[in-house]
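Geometric and topological summary
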Amino acid sequence: MLRRIAQKNPGPLICRRAAKCNNQAARHVTTSVSYGDKKTSYRRERDDGALTQSSERYSSSGAALHTVPAHHNFLDDIILRERSNDVVNPFLNRDKAHNDDGGFLELFKAISTLNNRHHDFNPTLSMSMNFPDTEIYAGEEEEEETVTSSGADIEKVETKLQVDDPPVQDTVISLSKRLDKALKESCVKSVLEAFEQERASSENELSDKQLERIITFLADHDVAMSFEATKYHAQKCNAEGRMAPLFLYHYMMSGLKNCFSQNEVEKLVVDIQEHIIDEYSDGKKAVYKYILLPQLAQTVARLKYNDCARPLVEYFLDEKYPLLNPDIHDSLLKTAWRPPFAREDWTPALPYHRLLSELVACGHRPKPEVVQRVLHTYYPYRDLDATTEILSSIQQLHHYEDHPYNYSVDCGTLETISILVSKRGSIDLSLLIIEMAESFGYNISESMFEDVILSFAASRQVPQCLGALVDMETKGHVPSRELLRKVAKKLSYDDKRLRYTQHILTGNDNGNILSTATLNSLMMGYGMKKNIQAAFDVFDSFPELGLKRDSNTVTFLMEILYFSTKQRFGRRLYATDSLRPEDVNDVIGEIDIVLSTMKEEDIEATRQFYHEYVRLLCSLGLFEDGKLALEEAVSNNIKLQVGSIFLLSVQCAHRGHFDMAKDVARLSVAAGCGKQPTLIRRINNLQNQALGVWGKTKEAIDEQS
């Protein structure tokens, strides 16, 4: 029977050697393993109930592979089982072993039971016969007893346990297979588990291609984990002295479109920016930073998250990154857009003016429609620096002749910008608009000149302001009365400025600033400061300086006389009291000087002149003279201001001259002002009120009499 078992189970055998010790406090079990010429001892010690085991397993070549764990105490189980059942080893008695196979079968069953009990180790156990000498040792602590069993058919038997090596699991292959399967099935959870296992492992079990597949796969499902995988791959490449592929970052950034909220995008953008800056800031690696940060801003801007994109754009512009990819800047400029109902204090989402300036500085030529869109985005042009930078870039593009584009800005837009910025005193921008208009072939309009003049006046640059006035007259434009009044108002802020202006106008080197318009502004400035004598001095200096007075000169002088009358006599409109005759005569004498000057120099009276003339006569109570002045204007086919007719009519009604008031009101049609039913109604109301009061007063007088 043993021969049959040996034939079925060839291989290495384990022979049990049991040593019985009289001392109960310690037990020693020694087992030898025989394989060819190799032999290894197994020794177990039980001290106070603790059992330790030291063993080695050999491969088919005899080399040691692993150490058997201490919990595999299968030999002790066999020994204890034999002792507990009083099983006698059949090989100790030759006759009994030959005649009775019960002991051997009992040992075989015990070993089979051991296989089921230690399923984690799962060795293959077998019994076989071996004809070389087999020794079984049994003895005390310091000596061993050798017992040899022999029989007719068996000369020497050695009992051994065959232990097969467990299969070694290749973790790299299994992880790769699991990853391939997860990617094939698009299982996000399994891919994340594979990545976490790779990141937690001390060894790099996945290849670069597998990590790249993880990054590109997670970019469409979980961009946050895709970024984590990208960081891990970048750290791995950095440790090996190389750089991660650039396209992986592009894949990862494209996954931002899958984010559910703007807060998630903002957090990811900040983390990505910090990673790129920290990872690629040294040496040649900085090229990645110069490429990736603008690319990140472009991706976020396309998703309409401009609040996230603006800090990125401002950062790489402030850091003066070299422009490696102009198309990114061009793409950012295409996102420029202004809501149709935006408030006046609305600001653009991105610093488009800086992007355009840098793009043009490097020689790139964006399309004209993109440039025009950027310009209109900044309406109403409250940011003067940004507007100046955009117009400068447009002018630079216009001067290039190696492109087929036309970057001309229409004249209406230039005039609009000029009007809006003139109130803020931006001289450089106003001059730039004039220069651009000339380069585009436009004629400089009157409004552009006025904007430049007001800009100089607001910035207290008196010579430049007066020079612009002279240039305006040289170009054939007549400065308006309102423009001269605004310049005079700026000059009248300070007496020193007025004296300085008079000094440079009457000095020797005054050829490029001396004109009728500049002297009119100076005279009106003195009038606003209530310095009537200085105003008349300027009026008298016209012939001395070789200048001819115009309609604005006499109009301003009439207005100055009105200011003087109010200042000297405290007169107000609609006043019911009368001035002294000598005071009235003084003012009339001054009026005659102006009228005689107009007649001598053939100065044509304008509607503004008649308005100031009538207002002055009304303040003096000379209503009949005022009516004659209006009739003269109507006879000369001068269209009067409605305010002139209203002023004289109401003044006459307040003073009780209702018939005269109605006669003046009827002049409105002939003066080109049309019918004025409101004026007639007001005169009637004043007349009714006056008659009612007069009737009550007469009754009271009759009762007293």
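Residues numbered from 1 in each chain as written. Predicted model: local features only at pLDDT ≥ 70, side-chain atom pairs only at ≥ 80, totals over all residues. Heavy atoms only, no water.

**Regarding the overall build of the protein**
Broken down by element type, the protein carries 31 helices and 6 strands. Sequence separation of 24 or more characterises 65% of the internal contacts of the protein that already satisfy a separation of 6 or more. (Helix = DSSP H or I, 4+ residues; strand = E, 2+ residues; numbered from the N terminus. Contact = heavy atoms within 4.5 Å.)

**Quick look at helix α6 (residues 188-200)**
The first and last C-alpha atoms of α6 sit 18 Å apart over 13 residues, in line with the 18 Å expected at 1.5 Å per residue. For α6, the set of buried residues is Val191, Ala194, Phe195 and Glu198. In an axial view of α6, the angular spread of the buried residues amounts to 95°, which keeps them on one side of the axis. In α6, the exposed positions that point more than 90 degrees away from the buried face belong to Lys189 and Ala200. (Expected span 1.5 Å × (residues − 1). Buried < 20%, exposed > 50% of the residue type's maximum accessible area, 1.4 Å probe, protein only. Arc of directions from axis to C-beta.)

**Some remarks on the nonpolar core**
Proteins that are soluble and globular tend to have nonpolar side chains buried together. By size, the foremost hydrophobic cluster in this structure holds 153 residues, and its most contacted members are Leu391, Ile394, Ile591 and Phe609. When residues no more than four places from it in sequence are discounted, the contact partners of Phe609 are Val554, Thr555, Met558, Val594, Leu595 and Met598. With 17 residues, the next largest nonpolar core counts Val191, Phe195, Leu211 and Ala229 among its residues. (Core = buried A, V, L, I, M, F, W, Y, C linked by side-chain atoms within 4.5 Å.)

**Points about helix α25 (residues 551-569)**
Across its 19 residues, α25 extends 27 Å between first and last C-alpha, which sits within 8% of the 27 Å expected from 1.5 Å per residue. Of all 19 residues in α25, 14 are buried; the element is thus mostly enclosed.

**So, the confidence of the model for the protein**
Across the protein, the average pLDDT comes to 77, with 72% of residues at 70 or higher. Note that pLDDT drops below 50 for residues 1-76; the model gives that stretch 164 contacts with residues more than four away or on any other chain. Counted against residues more than four places away or in other chains, residues 78-101, with its pLDDT under 50, gives 35 contacts. (pLDDT = per-residue confidence, 0-100.)

**Focus: the pattern of salt bridges**
What the rule picks out here adds up to 17 salt bridges. Notably, a salt bridge pairs Arg481 with Glu612, separated by 3.1 Å at the nearest N-O pair. In this pair, Arg481 is assigned in helix α21 (residues 481-491) and Glu612 in helix α27 (residues 607-620), connecting sequence segments 131 residues apart. Across the pair Arg485 and Glu559 runs a salt bridge whose closest N-O atoms are separated by 2.4 Å. (Salt bridge = Lys/Arg side-chain N within 4 Å of Asp/Glu carboxyl O.)

**Overview of the packing of α21 against α25**
At a closest axis distance of 11 Å, the pairing of α21 and α25 adopts a crossing angle of 55°. Comparing the axis directions of α21 and α25 gives the class oblique. In this structure, the crossing between α21 and α25 has a hand that is right-handed. Of α25, the residues touching α21 (which contributes Arg481, Leu484 and Arg485) are Asn552, Thr555, Phe556 and Glu559. (Axes fitted to C-alpha atoms, helices over the stretch in contact; angles between N-to-C directions. Parallel < 35°, antiparallel > 145°, perpendicular 65-115°, else oblique. Left-handed = near helix turned anticlockwise from the far one by under 90°.)

**Description of the side chain of His329**
Within the secondary structure layout, His329 lies in helix α13 (residues 326-333). Looking at His329, the relative accessible area reads 3%, which means it is buried.

**Things to note about a positive patch on the surface**
A cluster of basic residues, Arg302, Lys334, Lys367 and Arg373, forms a positive patch at the surface. Within the fold, Arg373 resides in helix α15 (residues 368-377). Here Arg373 falls in the partly exposed class, since its relative accessible area comes to 37%. (Patch = residues over 30% accessible without salt bridge, like charges linked within 9 Å, V, L, I, M, F, W, Y side chains within 5 Å. Areas by Shrake-Rupley, 256 points an atom, 1.4 Å probe, with all protein chains shown as cover. Lys, Arg positive; Asp, Glu negative; His and termini not counted. Charge placed at Lys NZ, Arg CZ, Asp CG, Glu CD.)

**Brief notes about the packing of helix α23 (residues 516-528) against α25**
Two elements in contact, α23 and α25, have axes separated by 10 Å at closest approach and are oriented at 5°. In this view, α23 runs roughly parallel relative to α25, as classed from their interaxial angle. Contacts between α23 and α25 involve Thr516, Asn520, Met523, Met524 and Gly527 from the first element and Asn552, Thr553, Phe556, Leu557, Glu559, Ile560 and Phe563 from the second. By residue class, the composition of the contact of α23 with α25 is 6 nonpolar, 5 polar and 1 charged. (Nonpolar A, V, L, I, M, F, W, Y, C, P; charged D, E, K, R; others polar.)

**Side note on the packing of aromatic side chains**
Taken as a whole and assessed by the stated rule, the structure comprises 12 aromatic pairs. Taken together, a centroid distance of 5.8 Å and an interplanar angle of 90° make the contact between Tyr379 and Tyr381 edge-to-face. Judged by its relative accessible area of 2%, Tyr381 is buried. Between Phe609 and Tyr610, the aromatic rings sit 5.8 Å apart at their centres with planes inclined by 70°, giving edge-to-face as the arrangement. (Phe/Tyr/Trp six-rings, centres within 6.5 Å; stacked < 30°, edge-to-face > 60°.)

**Considering unusual backbone geometry**
If a residue is not glycine, its phi is most likely negative; likewise, a peptide bond is most likely trans. Omega for the bond connecting Tyr379 with Pro380 falls within 30 degrees of zero, at 5°, which places this linkage in the cis form. Residue position: Pro380 is located in the loop between α15 and α16 (384-399). Backbone geometry places Lys304, a non-glycine residue, at a positive phi of 70°. Its place among the elements puts Lys304 in the loop between α11 (286-302) and α12 (306-318).

**As for the environment of Asp330**
Position of Asp330 among the secondary structure elements: in helix α13. Asp330 gets classed as buried once you look at its relative accessible area, which sits at 13%. Along the backbone, Asp330 and Arg365 are 35 residues apart, and their C-alpha atoms lie at a distance of 9.2 Å. Setting aside residues no more than four positions away along its own chain, Asp330 makes contact with Leu359, His364, Pro366 and Val370.

**Re the side chain of Asn520**
As for its placement among the helices and strands, Asn520 is situated in helix α23. Judged by its relative accessible area of 0%, Asn520 is buried. Side-chain polar atoms of Asn520 contact the side chain of Asp550, separated by 3.1 Å. Each residue touching Asn520, except ones within four places of it in the same chain, is listed here: Leu484, Phe542, Asp550, Asn552, Thr553 and Phe556. (Polar contact = N/O pair within 3.5 Å; in protein donor to acceptor, adjacent residues only side chain to side chain.)

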